[in-house]
Amino acid sequence: MSIDPGFLDRLIAAPRLLFPAVSPDGRWVAWLWNGKAEGNGPWVAPTAGDVAPRLLLEPFSGWDCDSFSWAPDSQALIVARRRDGEEQVGLQRVWLDPARPAEALLPDRPGYYVYTAQQHPDGRRLIYAASRDPATGLGGDILHLYEHDIATGTQRVLASPLRSCKLMPKLDPTGRRILYLRNDHHPSGRALWVYELETGTDRELYNPGGPAKAEGVWSPDGSRIAFVAEGPSHKRLGLIDVAKDELRWLVDDPAIPVEHVRWPSQADSDRLVVIESSAARDEAGFLDIGTGAYAPVFRGGDILRPIAPLPDGRWVLERGRATAPTSVVTLAAEAPDLLTAHELTPLPEGSLPDPAELSPAEPFWWHSVDGLRIQGWLYRAKGEARGAVIHVHGGPTAHYDGRFDPIPQALCRAGFHVLQPNYRGSTGLGLAFQEAIKADGWGGREQEDIRTGILALMNAGLARPGRVGITGLSYGGYSAWWAITHFPREVIAASAPICGMTDLVTDYWTTRPDLRPYSEAMMGGTPDELPQKYRERSPIHAVDRIEGALLIVQGLTDPNVTPEHVEIMRAELDARGIPYETLLFPDEGHGIVKPGNCRVLYERLVAFFDEAFGPLSADPGADDIEMVELPLPPDAGEVGLA
């Protein structure tokens, strides 16, 4: 079994659109197109939609743009670039004017990690978080808040948290203050802190308490912060007047599943954009700060995320759907007729898969071993189904939302049903569901959520015992390792973990330092504090239970789930004589993203699962193995499609 080459060409040509952002003056939108070309740079187009997009920075061999931010004057981007997925970035200022050459601000591969670089309104300074040790200038375990003089390259530490944490600094539009996050009180917590650039004052502004998290955005005049904070049972939306130290709750209602907040850039705006998330889909609403009135907007079949308003009343939005690549469009909020949406990120006609060639994402529900209701997305095979593949998301604090994804589309085209489970710990299904993974820690009931999803597929007639495979990236790769080492072949016949953790102790000590608190929060402590738990939850200690086929996929420059995971696992497999295959990419990091490598990956996954499942019998009952009953609580109701 193989994928039609023409379809694969079109699938590879469909890039993944990332981080769309409108310039402060509203005239431009910039984004990244992952997979558009080898060594991507940022793309830009006018919000008027009258000029085709252009690549702002010509790609360098092996380099790609990791992230960017707009300069306050809207004339340039501050671009973070990396090589082959290494994740240590250099910084450049790239001008919209093609006659002005790009300006290096921080050398490539500086020896430490840099995040969220922004240019100060004075044009002379940068603000960012970096793991640069102030004493040695080398990489360290703690992320510090830095001010960087562009002319001299001098770096000055502004604040040093007690624990390593993604600080996510946000400079207010006036350049007076920096909003950032700290987890000094709890490895899982996120408190709001503000640093005053003029006085050097650093203070905690709001702490949601214990493991709870908060995140916020500045008002256009820099006087207030709108923020989302986790509460005991749901997320709340609050407003802080920074100068007065006054806090007011704007939304404290479980019926409004607040996920994120955005503050439009108009100086007189008193209307917030609230991003809700329920049933693993994002929707938006407008909240009037003065009156408290809330109105849902941009609802419909597509995923529509407002980015910024335009002077004529239209909005720039990110649009996602299963049967077309994510795009950026303009649309009127008052009459969001998708037929009137204007495309700002068009791709060449005829170069992409026709929607009829792709499989739509259908909601699929089931109940886990303890009765918890689990959601996922089902993609049906094109033609006769040869088997089913479970495609598990990473994170685990993330979720699939049913938008365009090339891996399930490649597998469906080759004759496999695909299920993307949003297991406990996933976002998009409420705070209680997201936090439920911490009751057990990694390798707990979230893996049973995946197993019962497989059984639900079988009960719905969409999978057969012995003809189900699993794959996924990062935590999805860990889940693929868990399945092949803990589930019988009747449930999982083949596994292809991609950059997945094999030993949680190795992962803790070899990953980026800023990720270690995440492991502590999920597991309930460090490996030194909980050695037995870390060992029990590590797939490497259960390889003797492997019954199915195994394909190990890894990027060899990955600093997140490092290649050491593959090395130690291969030694263990070899010592026990357990067969396996490998697919290693020397020029990839945490994920396989380069177009040529994606082609190799998709073709190999299809061939691997097809070979592992073997010939398909003409008699559906001939392949059956005795079913394992799917446990249901008394009030669980029907399992399967909902």
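Residues numbered from 1 in each chain as written. Predicted model: local features only at pLDDT ≥ 70, side-chain atom pairs only at ≥ 80, totals over all residues. Heavy atoms only, no water.

Looking at an unreviewed UniProt entry, the protein carries the name Peptidase S9 prolyl oligopeptidase catalytic domain-containing protein, with the source organism given as Inquilinus limosus.

## Side note on the overall build of the protein
How we decide: The helix and strand labels rest on DSSP assignments: H or I over at least four residues marks a helix, E over at least two residues marks a strand, and numbering proceeds from the N terminus. With the radius of gyration taken over C-alpha atoms, the globule rule is written as 2.2 Å times the number of residues to the power 0.38. For each residue, the accessible area found with a 1.4 Å probe, counting protein chains only, is set against the maximum for its type, and the residue is called buried under 20%, exposed over 50%, and partly exposed in between. To measure how exposed things are, a 1.4 Å probe is used in the Shrake-Rupley method; for residues, cover is taken only from the protein chains shown. Working convention for charge: Lys and Arg count positive, Asp and Glu count negative, and His plus the chain ends are omitted. Charged side chains are reduced to one point each, which is NZ for Lys, CZ for Arg, CG for Asp and CD for Glu.
Tallying secondary structure elements over the protein gives 10 helices and 37 strands in all. Taking 26 Å as the expected radius of gyration for a compact globule of 642 residues, we find that the protein reaches 24 Å, a close match to that expectation. In the protein, which comprises 642 residues, the proportion classed as buried is 59%. When the accessible surface of the protein is totalled, it reaches about 24400 Å², and 51% of it is carbon and sulfur. Across the protein, 61 positive and 88 negative side-chain charges occur, with their mean positions spaced 2 Å apart.

## Quick word on the nonpolar core
Definition in use: Throughout, nonpolar core names a set of buried Ala, Val, Leu, Ile, Met, Phe, Trp, Tyr and Cys residues whose side chains join them through atoms within 4.5 Å.
In terms of nonpolar packing, the biggest core is built from 49 residues, with Ile390, Trp442, Leu457, Ile492 and Leu573 touching the most fellow members. The next biggest cluster of nonpolar side chains, apart from the first, holds 41 residues, and it includes Trp377, Cys412, Ile592 and Cys598.

## Section: the pairing of strand 24 (residues 294–297)
The cut-off we apply is this: Note on pairing: two strands pair once DSSP finds at least 2 bridges between them.
In this sheet, strand 24 lies alongside strand 23 (residues 281–288) in antiparallel orientation, the contact comprising four bridges. The residue bridging phenylalanine 286 from the neighbouring strand is alanine 295, located in strand 24. Here strand 23 folds back onto strand 24 in antiparallel fashion, the turn holding five residues, of which glycine 292 has a positive phi close to 80°.

## Some remarks on the packing of helix 2 (residues 406–413) against helix 10 (residues 595–613)
Axis angle and axis distance: for two packed helices, these are the angle between their axes and the distance between the axes, and together they describe the pair. We apply this condition: To obtain each axis, a line is fitted to C-alpha atoms, and for helices this fit is confined to the stretch in contact; angles are then taken between N-to-C directions over 0 to 180 degrees. For classification purposes, angles smaller than 35 degrees are called roughly parallel, those larger than 145 roughly antiparallel, those between 65 and 115 roughly perpendicular, and all remaining angles oblique. Crossing chirality is assigned from the near helix's rotation relative to the far helix, an anticlockwise turn below a right angle marking it left-handed and a clockwise turn marking it right-handed. Should any heavy atoms of two residues lie within 4.5 Å, those residues are counted as being in contact.
Where helix 2 meets helix 10, the axes come as close as 10 Å, and the angle between the chain directions of the two elements is 45°. One finds that helix 2 runs oblique with respect to helix 10. Our pair here, helix 2 against helix 10, has a crossing hand that is right-handed. Across from Pro406, Ile407, Ala410 and Leu411 in helix 2, the residues of helix 10 making contact are Tyr602, Val606 and Phe609.

## A look at the sheet that holds strand 28 (residues 342–343)
Reading across from one edge, 25-26-27-28 is the order of the four strands in this open sheet, with antiparallel pairing throughout. Both outer strands of the open sheet, strand 25 (303–309) and strand 28, are each paired with one neighbouring strand and no more. As paired strands, strand 26 (residues 314–321) and strand 27 (residues 324–332) are joined by seven bridges and run antiparallel to one another. Note that in strand 27 the partner of arginine 319 across the bridge is serine 327.

## Details of the sheet that holds strand 16 (residues 202–206)
One open sheet holds the four strands; their spatial order is 13-14-15-16, and the pairing between them is antiparallel. Pairing within the sheet leaves two strands with one partner each, and these edge strands are strand 13 (170–171) and strand 16. Of the pairings in the sheet, the one linking strand 15 (residues 191–196) to strand 16 comprises four bridges and is antiparallel in character. If you follow leucine 192 over to strand 16, its bridge partner there is tyrosine 206.

## Considering the UniProt feature "domain: Peptidase S9 prolyl oligopeptidase catalytic" (unreviewed entry) in the protein
Rules: UniProt positions are given in the numbering used here, feature names are shortened, and annotations may be inferred rather than shown by experiment.
Sites flagged by UniProt as "domain: Peptidase S9 prolyl oligopeptidase catalytic" (unreviewed entry) map to residues 404–614. Secondary structure within residues 404–614 divides into 44% helix and 14% strand; the distance between the first and last C-alpha atoms comes to 29 Å.

## Regarding the packing of aromatic side chains
Applicable threshold: We call Phe, Tyr and Trp rings a pair once their centres come within 6.5 Å, taking the six-membered ring for Trp, and we label the pair stacked below 30 degrees between planes, edge-to-face above 60, and tilted otherwise.
With the rule as written, the count across this model stands at 20 aromatic pairs. With centroids separated by 6.5 Å and ring planes inclined at 70°, the aromatic side chains of phenylalanine 416 and phenylalanine 609 adopt a geometry described as edge-to-face. On the criterion of sequence distance, the pair formed by phenylalanine 416 in strand 32 (residues 416–422) and phenylalanine 609 in helix 10 is long-range, its members being 193 residues apart. Take phenylalanine 609: its relative accessible area is 0%, and that puts it in the buried class.

## Observations concerning the pattern of salt bridges
Test applied: By definition here, a salt bridge exists when the distance from a side-chain nitrogen of Lys or Arg to a carboxyl oxygen of Asp or Glu is within 4 Å.
Applying the stated criterion across every chain, the model contains 42 salt bridges. Taking the shortest distance from any N to any O, the salt bridge between aspartate 64 and arginine 82 comes out at 3.4 Å. Of this pair, aspartate 64 sits in strand 5 (residues 63–70) while arginine 82 sits in strand 6 (residues 76–83), and the two are 18 residues apart along the sequence. For aspartate 64, a relative accessible area of 16% puts it in the buried group. A salt bridge links glutamate 572 to arginine 576; its shortest N-O distance comes to 3.1 Å. Separated by four residues within a single helix, glutamate 572 and arginine 576 lie in helix 9 (residues 564–576), roughly one turn from each other. Here the salt bridges do not stand alone but share partners, grouping Asp122, Arg124, Arg125, Glu147 and Arg156 into one network.

## Observations concerning the environment of tyrosine 146
Within the secondary structure layout, tyrosine 146 lies in strand 11 (residues 139–149). Taking the C-alpha atoms as reference points, tyrosine 146 and alanine 117, 29 residues apart in sequence, are found 9.5 Å from one another.

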